[in-house]
Amino acid sequence: MRAKPVIAVDAMGGDDAPGHPVEGAVMAVRAGCEVRLVGHEDQLREELHRHRLAGDDAQRVVVVHAEEAVAMDDPPITPIRKKRKSSIRIAAQLVRDGEADALVSAGNTGAAMIAAKMVMGTVEGVDRPALAAALPNPKGHTVLLDVGANIDSKPEHLLQFAVMGSLFAQEVVKTSSPRVGLLSIGEEDSKGTELTREVFQALETSGLNFVGNVEGSDVFKGTADVIVCDGFVGNVVLKSAESLADMVMTLLKEELGRGFRARIGGLLARPAFVDFRRRTAYDEYGGAPLLGVKGGCFIAHGRATPKAMMSAILRATEYSEANVSSKISERLAERQSQEAALG
């Protein structure tokens, strides 16, 4: 195993590519990460020249040429069927071939997920990879999954999501003995859909630290460290949360600009607002991991800032150092063996 994980960065993915991905990679390299920048070589070297990396930092960046890029409005299957020389596919191939340990992309989310699943492959024991999001709560972060990779899920899939989310929370978010909750419309095990009622019973005997059903109002309270749901519900929760955070910041700015007294109050409270912004901003965490694929895959927002890209690379490095993919496979194999012994 390498002394330091290598992260393949899709430098042509995102609204501000290749500028923001390259700058974020440079920031990560200066923090000690090893990076493979994948994209049009001339453009990437031009961007790198602007940042004047030298010495050991310069040695930790390797440029890998890719002739094509997947656009944000391209169909998700594009890197598999049409743009086979695209930066996102080549980045996935680097992970598949062992030349990198994980990939990071701020490009087309669907294309990134398809490339990860079909090129890198899924972890043994995982039927469907799940996209996770780390949402802020008063004490840290709550891992919510799935937030969009699977619209229709079976009970077994949600049980796998719980195992993967628990391991991610433990190894990367650094939560000891993560509490796992099942998103439903009431705390009682009789509440919810047929799917959630069946999953509730399975989670009770899963060996996880299952705390029962949680409701939408619990998502940001820290009631659970990991919250499991299907991709349709999770995506609605995530998009609503992002919209609410933007609205709160907009309203605060408007109100603090109304009159002299409000502006003075805003200046006095500025440190608190800066801290609030830091705790709720997506760029603090960087990207959402696609759990259940071989290696690691972190998908950043299309408008990811350089700081967000750096954070995603740091999280991908931590994920690889903790060997989360192998631990997911081991945990699922243990559960299957226990079920076989009982059955």
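Look a little higher up for the structure.
Everything numeric in this text was worked out from a predicted model, so none of it was measured.

## A look at unusual backbone geometry
Inference 1: Going from Ala17 to Pro18, the amide bond is cis rather than trans, its omega being 0 degrees.
Inference 2: With respect to the helices, strands and loops of the structure, Pro18 is situated in the loop between strand 1 (6–10) and helix 1 (19–30).
Inference 3: In this structure, Asp146 follows Leu145 across a cis peptide bond, with omega equal to 5 degrees.
Inference 4: Within the element layout of this structure, Asp146 appears in the loop between strand 6 (140–145) and helix 7 (155–171).
Inference 5: The phi dihedral of Lys174 is positive, around 70 degrees, even though this residue is not glycine.
Inference 6: Mapped onto the elements, Lys174 comes out in the loop between helix 7 and strand 7 (179–183).
Inference 7: You will see that Ser177, though not glycine, has its phi angle at about 45 degrees, which is positive.
Inference 8: On the secondary structure map, Ser177 appears in the loop between helix 7 and strand 7.

## Examining the packing of aromatic side chains
Inference 1: A full pass over the atoms with the stated rule returns 4 aromatic pairs.
Inference 2: Here the aromatic rings of Phe168 and Tyr319 are separated by 6.3 Å at their centres, their planes lie at 45 degrees, and the arrangement is tilted. Placement of Phe168 in helix 7 and of Tyr319 in helix 12 (residues 306–321) is noted, with a sequence separation of 151 residues between them. Each of the two residues, Phe168 as well as Tyr319, counts as buried.
Inference 3: Seen in terms of ring centroids, Phe298 and Tyr319 are 5.6 Å apart; in terms of plane orientation they differ by 85 degrees. Their pairing is edge-to-face. Pair noted here: Phe298 is in strand 11 (residues 297–300) and Tyr319 is in helix 12, with a separation of 21 residues, a long-range link.
Inference 4: With relative accessibility at 0%, the residue Phe298 sits in the buried group.

## Some details on the environment of Leu290
Inference 1: On the secondary structure map, Leu290 appears in strand 10 (residues 287–291).
Inference 2: Distance from Leu290 to Ala132, taken between C-alpha atoms, is 6.4 Å for residues 158 residues apart in sequence.
Inference 3: In this structure Leu290 touches Met113, Ala116, Lys117, Pro129, Ala130, Leu131, Ala149 and Cys297, once residues within four positions along its chain are discounted.

## Observations concerning the pairing of strand 6
Regular strands have side chains that alternate between both faces of the sheet.
Inference 1: Two elements, strand 5 (residues 130–137) and strand 6, share 6 bridges in a ladder whose sense is antiparallel. For Asn137, the partnering residue across the bridge sits in strand 6 and is Gly140.
Inference 2: Taking the residues that link successive antiparallel strands as the turn, the strand 5-strand 6 hairpin has 2 residues.
Inference 3: Bridge analysis of strand 6 against strand 9 (residues 226–228) gives 3 bridges, and the strand direction is parallel. For Val143, the partnering residue across the bridge sits in strand 9 and is Val226.

## Considering a nonpolar patch on the surface
Inference 1: Together, Ile151, Phe232, Val233 and Val236 line one region of the surface with nonpolar side chains, adding up to about 350 Å² of accessible area.
Inference 2: For Val233, the position within the fold is in helix 9 (residues 231–256).

## Observations regarding the nonpolar core
Inference 1: Grouped together as the largest cluster of nonpolar side chains are 62 residues, with contacts concentrated most on Leu37, Leu145, Ile313 and Ile328.
Inference 2: With 9 residues, helix 7 is the single largest residue contributor to this core.
Inference 3: When residues no more than four places from it in sequence are discounted, the contact partners of Leu145 are Ala130, Leu131, Ala132, Phe161, Gly165, Val226, Ile227, Val228, Cys229 and Leu291.

## Quick word on the sheet that holds strand 2 (residues 34–39)
Inference 1: Pairing within the open sheet is mixed, and its 11 strands lie in the order 3-2-1-4-11-10-5-6-9-7-8. Only two strands of the sheet have a single neighbouring strand rather than two, namely strand 3 (61–65) and strand 8 (209–214). Averaged over all neighbouring strand pairs, the angle between strand axes comes to 25 degrees, with direction disregarded.

What counts, and at which threshold
Residues numbered from 1 in each chain as written. Predicted model: local features only at pLDDT ≥ 70, side-chain atom pairs only at ≥ 80, totals over all residues. Heavy atoms only, no water. Helix = DSSP H or I, 4+ residues; strand = E, 2+ residues; numbered from the N terminus. Phe/Tyr/Trp six-rings, centres within 6.5 Å; stacked < 30°, edge-to-face > 60°. Buried < 20%, exposed > 50% of the residue type's maximum accessible area, 1.4 Å probe, protein only. Contact = heavy atoms within 4.5 Å. Pairing = 2+ DSSP bridges. Patch = residues over 30% accessible without salt bridge, like charges linked within 9 Å, V, L, I, M, F, W, Y side chains within 5 Å. Areas by Shrake-Rupley, 256 points an atom, 1.4 Å probe, with all protein chains shown as cover. Salt bridge = Lys/Arg side-chain N within 4 Å of Asp/Glu carboxyl O. Core = buried A, V, L, I, M, F, W, Y, C linked by side-chain atoms within 4.5 Å. Axes fitted to C-alpha atoms, helices over the stretch in contact; angles between N-to-C directions.

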